[in-house]
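Results of the structural survey
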Amino acid sequence: MSDDSKRHEKILAAKVAVSMIDEAMVVGLGSGSTAAIAIELLGERVEQGLDIIGVATSKESARIAKHCGIRLSDLSHHPKVDLTIDGADRFDAQCRLIKGGGGALLHEKIVAFASKKLIIIADSSKRRDPLGGFPVPVEVVPMAVVPVKEYLDQLGYPSVLRVRDDGHTPKLTDEANVILDLKIDVVHDPEKLALQLQSIPGIVEHGLFLGMADMILFGEGDHVIEMTPS
Ligand code: 5RP
């Protein structure tokens, strides 16, 4: 699938999601290229007079939102978010997600959890049944990265430390943690993996979003498909 076709599908999905935003809502602003399209479309509606408050899930989404004229707040001032629009790296038929390709999984999950509704927007290449085809990111406190990596190896989950473009400096998250990408082709039992990861001290969060998405909107050709958890 070409990048142009993917972008076309992302725009279609983002348009539908942004049309669901109403006056005076507190809106969670996701991270990544698809969420960025939604933020830009939301900025257009704000320019036309829509009054909303945005809560960003990353420094980058805050930067884009500010550029688009969207008023920003945070969870300390607005702990309840009406609607969050975010992207995903993979989703399955049960609306289970792998997220964190852009490294913003921790803030994304916190904002998603604070949201009454989480809408995921994507292109059709992100759909995978069974879930997989993308490394599962795990955010780790830097001092724990060696033991956590060794423990994950023992569990049968080899991982790679995410590095910057120079090929060796660890890429830091917005919370100055590091990311281990688990090399799992197919996540046969996402719930079991999530429980295993949650039980390891040093792991701050993982990129499996289970039971969180209320709706997935994905472009397929010139159409938008709506999926809700069964
Ligand atoms: C960032 C994310 C993104 O939502 C995910 O990586 C999708 O990005 P894109 O829309 O660029 O494909 O989880 O942490």
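Position numbers for residues start from 1 in each chain and track the written sequence from start to end. The predicted origin of the model limits local features to residues at a pLDDT of at least 70 and limits the giving and counting of side-chain atom pairs to 80 or more, whereas totals for whole chains, interfaces and linings rest on all residues. Excluded from the side-chain calculation are hydrogens and water; included are all heavy atoms of the structure.

Domain boundaries shown here were taken from an automatic or database domain assignment. The domain boundaries assigned to the chain delineate domain 1 (3-129 + 210-227) and domain 2 (136-206). The centre of domain 1, based on its C-alpha atoms, is set 24 Å off from the matching centre of domain 2. Between domain 1 and domain 2, the contact holds 14 residues from the first and 15 residues from the second. Buried surface area refers to the total accessible area, computed with a probe of radius 1.4 Å, that the two partners give up upon joining, counted for both partners together. For the pairing of domain 1 and domain 2, the buried interface totals around 1,200 Å² over both sides, and the portion due to carbon and sulfur atoms is 61%. Taken as a group, L105, L106 and K109 account for 39% of the area that domain 1 buries against domain 2, more than any other trio of residues on that side. The contact criterion used throughout is that any non-hydrogen atoms of two residues lie within 4.5 Å.

As a further point, take the pattern of salt bridges. Salt bridge, as applied in this entry: a Lys or Arg side-chain nitrogen positioned within 4 Å of an Asp or Glu carboxyl oxygen. With the rule as written, the count across this model stands at 10 salt bridges. The partner of K99 in a salt bridge is E108, with the nearest N and O atoms 3.1 Å apart. Categorising residues by exposure relies on relative accessible area from a 1.4 Å probe, with only protein chains included: less than 20% of the type maximum marks a residue as buried, more than 50% marks it as exposed, and the intermediate range marks it as partly exposed. Owing to a relative accessible area of 4%, E108 belongs among the buried residues under this scheme. The shortest N-O distance in the salt bridge between D181 and R162 comes to 2.9 Å.

With mixed pairing, the seven strands of this open sheet are ordered in space as 3-2-1-4-7-13-14. The strands lining the two open edges of the sheet, one partner per strand, are strand 3 (72-73) and strand 14 (223-227). As judged from the two bridges shared by strand 2 (residues 53-56) and strand 3, these two strands associate in the parallel manner. The residue bridging G54 from the neighbouring strand is L72, located in strand 3. Every angle, taken between N-to-C directions, lies between 0 and 180 degrees, and every axis is a line fitted to C-alpha atoms, over only the stretch in contact when it is a helix. Numbered from the N terminus, helices here are DSSP runs of H or I no shorter than four residues, and strands are runs of E no shorter than two. Packed onto the sheet, helix 2 (residues 33-47) meets strand 1 (26-29), strand 4 (81-86) and strand 7 (115-123) and runs at close to 115° relative to strand 7. Sitting on the sheet, helix 4 (residues 105-113) touches strand 1, strand 2, strand 4 and strand 7, and the angle it makes with strand 7 is about 130°. Note on pairing: DSSP must find at least two bridges between two strands before they are called paired.

A few words now on the site of the ligand. In the vicinity of the ligand there are 17 residues, among which S31, S33, T34, D89 and K126 approach most closely. Residues adjacent in sequence count toward polar contacts only when both atoms are side-chain atoms; beyond that, a polar contact is any pair of N or O atoms within 3.5 Å, and within protein one must be able to donate a hydrogen and the other to accept it. In the environment of the ligand, an oxygen atom lies 2.5 Å from a nitrogen or oxygen atom belonging to the side chain of S33. Between the ligand and K99, the relevant distance is 2.9 Å, taken from an oxygen atom to a side-chain nitrogen or oxygen of the residue. Here the open area of atoms and residues is found with the Shrake-Rupley method and a 1.4 Å probe, where only the protein chains shown may cover a residue. For the ligand, whose accessible area on its own is 380 Å², the fraction buried by protein is 90%. Among the secondary structure elements, those contributing two or more residues to the shell around the ligand are helix 2 and helix 4. In this classification, Asp, Glu, Lys and Arg are treated as charged, Ala, Val, Leu, Ile, Met, Phe, Trp, Tyr, Cys and Pro as nonpolar, and every other residue, Gly included, as polar. Of the residues that constitute the shell around the ligand, the class distribution is three nonpolar, nine polar and five charged. Proximity is defined per residue: any heavy atom of the residue falling within 4 Å of a molecule or strand makes that residue near it.

With that out of the way, let us pick up the packing of aromatic side chains. Ring geometry is summarised as follows: Phe, Tyr and Trp rings, the Trp one being its six-membered ring, pair when their centres sit within 6.5 Å, and such pairs are stacked at plane angles under 30 degrees, edge-to-face over 60 and tilted between the two. With the rule as written, the count across this model stands at one aromatic pair. A centroid spacing of 5.1 Å and a plane angle of 45° characterise the contact between F91 and F218, whose relative ring orientation is tilted. In this pair, F91 is assigned in strand 5 (residues 90-91) and F218 in strand 13 (residues 215-220), connecting sequence segments 127 residues apart. Exposure remark for F91: the relative accessible area of 0% places this residue in the buried category. A ring has a charge above it when a Lys NZ or an Arg CZ is no more than 6 Å from the ring centre and no more than 35 degrees off the ring normal. The positively charged end of K99 is found above the aromatic ring belonging to F209, 5.6 Å away from the centroid. The residue whose ring lies beneath K109 is F209, and the NZ or CZ to ring-centre distance is 4.9 Å.

Turning next to the packing of helix 1 (residues 3-18) against helix 2. The geometry of helix 1 relative to helix 2 is characterised by a closest axis approach of 9 Å and an angle of 45° between their N-to-C directions. Between helix 1 and helix 2, the angle is such that the two are oblique. The way helix 1 lies across helix 2 gives a crossing that is right-handed. Across from R7, K10, I11, A14, K15 and V18 in helix 1, the residues of helix 2 making contact are S33, T34, I37, A38, L41, L42 and R45. Its residues placed into classes, the contact of helix 1 with helix 2 shows seven nonpolar, two polar and four charged. Should an angle lie under 35 degrees it is considered roughly parallel, over 145 roughly antiparallel, and from 65 to 115 roughly perpendicular; all remaining angles are considered oblique. Here is the rule for handedness: rotate from the far helix to the near one, and if that takes an anticlockwise turn smaller than a right angle the crossing is left-handed, while a clockwise turn gives right-handed.

V145, V148 and L152 are the residues of helix 5 (residues 145-155) that are buried. On an axial view of helix 5, the arc spanned by its buried residues comes to 65°, and they lie on one face. Opposite the buried face of helix 5, by more than 90 degrees, sit the exposed residues V146 and Q154. Looking at the buried positions of helix 5, the neighbouring elements they touch are strand 8 (136-140), strand 9 (159-161), strand 10 (178-182), helix 6 (190-198) and strand 11 (203-206). Once helix 5 finishes, G156 follows within two positions and takes phi at roughly 95°, a positive value. The directions from the helix axis to the C-beta atoms are what the arc is built from.

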